[in-house]
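Coordinates in review
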Amino acid sequence: MIPPAFEYTRPATVDEAVGALADAGEEAKVLAGGQSLLPLLRLRLAFPELVVDVGRIPELRGVREDGDALAIGALTTHHDVVHDPLVRRHAGLLAAATATVADPAVRHRGTLGGSLAHADPAGDLPAVALALDAELVVAGRGGRRTIPAREFFVDYLQSALAPDELLVEVRIPKTDGWGFHYEKFHAVAQSWAVVAVAALVRRDDGHIAEARIGLTNMGSTPLRAGAAERALSGADGPQAVARAAEAAAEGTRPSQDLSASPEYRQHLARVLTRRAVLTAAGMG
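What you are looking at is a predicted structure, and each value in this text was computed from that prediction instead of being measured. Residue positions within a chain follow its written sequence, with the count starting from 1. The predicted nature of this model means local features are confined to residues of pLDDT at least 70 and side-chain atom pairs, given and counted, to a pLDDT of 80 or more, with totals for whole chains, interfaces and linings taken over all residues. To obtain the side-chain values, all non-hydrogen atoms of the structure were used and water was disregarded.

We now examine the overall build of the protein chain. Think of it this way: any DSSP run of H or I at least four residues long counts as a helix, any run of E at least two long counts as a strand, and we number them from the N terminus. On a plain count of helices and strands, the protein chain comes out with 12 helices and 14 strands. We compute the radius of gyration over the C-alpha atoms and compare it with the globule rule, which gives 2.2 Å times the number of residues raised to the power 0.38. For the protein chain, the C-alpha radius of gyration of 19 Å lies close to 19 Å, the compact-globule estimate for 284 residues. With the principal axes as the frame, the protein chain shows a C-alpha extent of 60 × 45 × 30 Å. Counting all 284 residues of the protein chain, 52% fall into the buried class. Whether two residues are in contact is decided by their heavy atoms: any pair within 4.5 Å suffices. The contacts in the protein chain between residues at least 6 apart in sequence include a share of 62% that link residues at least 24 apart. Looking at the protein chain as shown, the accessible area adds up to about 13100 Å², and 48% of this sits on carbon and sulfur atoms. Only protein chains enter the area calculation, which uses a 1.4 Å probe; residues under 20% of their type maximum are buried, those over 50% are exposed, and those in between are partly exposed. For accessible areas, the Shrake-Rupley method is used with a probe of radius 1.4 Å. Any residue's cover is judged against the shown protein chains and nothing else.

In structure tokens form, the structure reads like this:
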């Protein structure tokens, strides 16, 4: 299908991009890798008056160390995230989960920032950002501000970004010494997750000292499985992990669609949490 008509601009700097967004207000859309926006345009599910193409802004790409965190430019592609040595060393969960996104063609074009700003609860990376306690740096007419991932995802396809704001950087705390795993269930290869679980586990003296669990496609936003995280504290073996994983679906409100019923998704959340935690903890 042919997309609706729109104006197009390609700013060279973050300030120019923010200015274009501010002038257009809610009638503008940001184009990064295009893997989320272009399908919406072609299906006529989005009708922007202006498309702001930020793909040529160099400061939005790359990975660098910043103390106890990694600072990743919003335009860094999935392919570059997967293969970056800093990400693989200090944020292995992000690299592992990103490697499961769609297919190689999408990973070469799609961007970390675009995936997070799209705020699709069925996307792989929003739940990973929650589990990693990521922070998102956004730029607007009033300057820059930092939004914790737990406050960034507001509702289905809605984020805390204001109309004049641009996501410029994702800050990921280093998780050296943590075990990790991303367990994903999908109907066919390269499709969206029916349910997925991002698990981070820190062990101490043979038991789980701390666990973080991010849930993909279990509500209108990505979620943390708080009850399961608390139940996993002190778990010292597969049976204890299995008992704790039974709490993974507490407080969730998954949707019903052609892929699964809400009850089946809650069942999957419990099963996948058990598998992900056992693997992350080295107990599998």
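Another point: the packing of aromatic side chains. Pairing of aromatic side chains requires ring centres within 6.5 Å, counting the rings of Phe and Tyr and the six-membered ring of Trp. Pairs whose planes differ by under 30 degrees are stacked, by over 60 edge-to-face, and all others tilted. This structure, assessed with the given rule, holds two aromatic pairs. With a centroid separation of 5.2 Å and 90° between ring planes, the pair formed by Phe152 and Phe153 is classed as edge-to-face. The class of Phe152 is buried, set by a relative accessible area of 0%. Overall, Phe153 belongs to the buried group, its relative accessible area being 8%. On the numbers, 6.4 Å between centres and 85° between planes, the contact of Phe185 with Tyr264 is edge-to-face. You can see Phe185 sitting in strand 11 (residues 179-185) and its partner Tyr264 sitting in helix 12 (residues 262-280), a full 79 residues away along the chain. Residue classification places Tyr264 among the partly exposed residues on the basis of a relative accessible area of 35%. Only when the NZ atom of a Lys or the CZ atom of an Arg is both within 6 Å of the ring centre and within 35 degrees of the ring normal do we say a charge sits over the ring. Positioned over the ring face of Trp178 is Arg212, at 4.6 Å from the centre of the ring.

Before going further, it helps to examine the pattern of salt bridges. The rule for a salt bridge is simple: a side-chain nitrogen of Lys or Arg has to be within 4 Å of a carboxyl oxygen of Asp or Glu. Summed over all chains, the structure comprises 16 salt bridges. With a shortest N-O distance of 3.4 Å, Arg141 and Asp23 are connected by a salt bridge. Of the two residues, Arg141 sits in the loop between strand 6 (135-140) and strand 7 (143-148) while Asp23 sits in helix 1 (residues 14-24), which places them 118 residues apart along the sequence. For Arg141, a relative accessible area of 54% puts it in the exposed group. On the basis of relative accessibility, which here comes to 63%, the residue Asp23 falls in the exposed class. Arg64 is paired through a salt bridge with Asp66; the nearest N and O atoms lie 3.9 Å apart. Assessed through its relative accessible area of 41%, Arg64 is described here as partly exposed.

Bringing the sheet that holds strand 2 (residues 28-31) into the picture now. Any two strands are treated as partners once DSSP identifies two or more bridges connecting them. Taken together, the three strands give an open sheet; going across it, the order is 1-3-2, and neighbouring strands pair in parallel fashion. Each having just a single partner strand, strand 1 (7-9) and strand 2 make up the two edges of the open sheet. Shown here is a sheet whose adjacent strand axes are inclined to one another by a mean of 25°, direction ignored. Examined bridge by bridge, strand 1 and strand 3 (residues 50-53) share three bridges and lie parallel to one another. Paired with Thr9 across the two strands is Val52, which belongs to strand 3. Here the axes come from fitting lines to C-alpha atoms, over the contacting stretch only for helices, and the angles between their N-to-C directions go from 0 to 180 degrees. Strand contacts of helix 1: strand 1, strand 2 and strand 3, with the helix running at about 170° to strand 3, the strand carrying the most contacts.

A few words on the environment of Thr13. Mapped onto the elements, Thr13 comes out in the loop between strand 1 and helix 1. Sequence separation between Thr13 and Met1 is 12 residues, and the spatial gap between their C-alpha atoms is 32 Å.

The next thing to look at is empty space enclosed by the protein. Gaps left between atoms show up when a probe the size of a water molecule is rolled over them. Detection works on a 1 Å grid of protein atoms alone, calling trapped sets that fit a 1.4 Å probe cavities and calling open sets with protein on both sides within 12 Å along at least five of seven lines pockets, with lining residues defined by an atom within 4 Å of a point. Grid points are joined across faces, edges and corners, and a volume is the space filled by probe spheres set on the points. Tallied over the full model, the rule gives one cavity of 30 Å³ or more. Taken as a whole, the largest cavity holds about 30 Å³ of empty space. Counting only elements with at least two residues in the lining of the largest cavity, the list comes to helix 7 (112-118), helix 8 (124-131) and strand 10 (166-173). The greatest single-element share of the lining of the largest cavity, amounting to three residues, is contributed by helix 8. When residues are grouped by polarity, Ala, Val, Leu, Ile, Met, Phe, Trp, Tyr, Cys and Pro land in nonpolar, Asp, Glu, Lys and Arg in charged, and all others, Gly among them, in polar. The residue inventory of the lining of the largest cavity, partitioned by class, reads 10 nonpolar, no polar and no charged.

This part is about the side chain of His78. Its location among the elements puts His78 in helix 3 (residues 78-83). Residues in contact with His78, not counting those within four places in the same chain, are Thr98, Val101, Val106, Arg107, Gly110, Thr111, Leu112, Ser115 and Leu125.

Our next topic: the nonpolar core. The nonpolar core is taken to be a set of buried Ala, Val, Leu, Ile, Met, Phe, Trp, Tyr and Cys residues, with the residues joined through side-chain atoms within 4.5 Å. In terms of nonpolar packing, the biggest core is built from 38 residues, with Val87, Leu94 and Leu116 touching the most fellow members. At five residues, helix 8 tops the list of elements feeding residues into this core. Once residues within four sequence positions are removed from consideration, Leu116 is found in contact with Leu125, Pro126, Ala129, Leu136, Phe152, Phe153, Leu167 and Val170. Val195, Ile213, Ala227 and Ala269 belong to the second-largest nonpolar core, a separate cluster that totals 31 residues.

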